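Breakdown of the fold
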Amino acid sequence: MCRASFPMYRITTDTFGGEARPVEPTADLRHDLAAMADRIDDDTRLVYLCSPNNPTGHIITQAEVDNFMARIPGHVVVVFDEFQDILNLKDCRESLALLRGKIQFQTTIPYIFAGSIRNKMDEIFNDPDSAFFKSAIPLTVGPLDRKRFGSFLQEKFALGKRHIDPTAIQRLFEIAVDISGDIQQLCEALWEVTSYKDQITEANIPEAMSLIFARESKGYESMLVLLTGQQLRCLVGLAKLDGVTPQSKAFLQAVDIHLPGSVKKALTRTEKLKII
């Protein structure tokens, strides 16, 4: 996995007793696929690729993927995360066809295509005109039952002689909107900011969130430098003007932009970069 990528890859690997091997990114925070391929050995079982990368927004090119896949041995599972965003490429149909052409001849390598936008994943795998039509077995993951998941989390904290208050767990569910990966990330941060035999309450959550932000700040900074002045003002406006419609007169005045169309264009750009 790339070190400048979604931290849940490492957290999940650690949770299930695996050995995470983060690889340093390139100078511009892209996946260094050559270095990642160099790290693969007989003990490697799974490789994570996130494109567009979270949180940097960088996209792995077709040439990079081709070169990387040519070096993957048959005992390794390859995970393409946020796979639905391949549809954002201008030549997405051609890219899908090229990728499918490579994969179908690699009969010994399992591939997992993960995505967070269901209708786009359906377009890739259920559209008869798509090169990936019916090429994979679908598996939809919904929210976990709060009661059962909460009990599981309490047991995990108890293994380290920590007690987490049920109200704190419920608050984690609310903050993460029941997204299991984000809940696990918050729990890992809570573990890091507390100690043996601590009583963990809602009061510990802000410190855990600050730790997460500190870890990911470099990624956020790399995204912000890609924004224009208008785009950055719109982003700040969204954060400050809670409940105000982005194309309303009040929003336009606050961000010092005259045309609603300019706001729409700016927000579309931040959405493509996975900032919002």
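What this report covers is the structure whose coordinates are included nearby. Since the model is a prediction, treat every value here as computed from it, not as a measurement.

Here we come to the side chain of aspartate 81. With respect to the helices and strands, aspartate 81 occurs in strand 2 (residues 77–81). Every residue in contact with aspartate 81, bar those within four places of it in the chain, is listed here: Tyr9, Leu49, Cys50, Ser51, Ala114 and Gly115.

This paragraph deals with helix 12 (residues 260–272). Given a rise of 1.5 Å per residue, 13 residues ought to cover 18 Å, and the 19 Å separating the end C-alpha atoms of helix 12 matches this to within 8%. Regarding helix 12, the residues found buried are Val263, Ala266, Leu267 and Thr270. Looking down the long axis of helix 12, one finds its buried residues gathered within 95° of arc, a one-sided arrangement. Turned more than 90 degrees away from the buried face of helix 12 sit Lys264, Lys265 and Lys272, all of them exposed. Tucked into the core, helix 12 has its buried residues touching helix 10 (229–240) and helix 11 (249–255). Following helix 12 by one or two positions, lysine 274 adopts a phi angle in the positive range, close to 65°.

Counting buried residues in strand 1 (residues 46–50) gives four out of five residues, a clear majority hidden from the surface. Pairing geometry for strand 1 and strand 2, over five bridges, is parallel. Residue pairing for strand 2: cysteine 50 is matched across the bridge by aspartate 81.

Negative phi characterises most residues that are not glycine, and trans characterises most peptide bonds. Positive phi, normally seen in glycine, also occurs at glutamate 82, with a value near 55°. Positioned with a positive phi, lysine 134 is a non-glycine residue whose angle comes to about 55°. Here lysine 134 lies in the loop between helix 5 (118–126) and helix 6 (146–159).

What follows covers the sheet that holds strand 2. In a beta sheet, neighbouring strands are held together by backbone hydrogen bonds and run either parallel or antiparallel to one another. Pairing is parallel across the open sheet formed by three strands, whose spatial order is 1-2-3. Either end of the sheet is taken by a strand with one partner, and the two such strands are strand 1 and strand 3 (111–113). Along the sheet, successive strands turn relative to each other by an average axial angle of 15°, direction set aside. Alignment of strand 2 against strand 3, held across three bridges, turns out to be parallel. Pairing of valine 79 across the sheet is with isoleucine 112, part of strand 3.

Thresholds, definitions, all that
- Residues numbered from 1 in each chain as written.
- Predicted model: local features only at pLDDT ≥ 70, side-chain atom pairs only at ≥ 80, totals over all residues.
- Heavy atoms only, no water.
- Helix = DSSP H or I, 4+ residues; strand = E, 2+ residues; numbered from the N terminus.
- Contact = heavy atoms within 4.5 Å.
- Expected span 1.5 Å × (residues − 1).
- Buried < 20%, exposed > 50% of the residue type's maximum accessible area, 1.4 Å probe, protein only.
- Arc of directions from axis to C-beta.
- Pairing = 2+ DSSP bridges.
- Axes fitted to C-alpha atoms, helices over the stretch in contact; angles between N-to-C directions.

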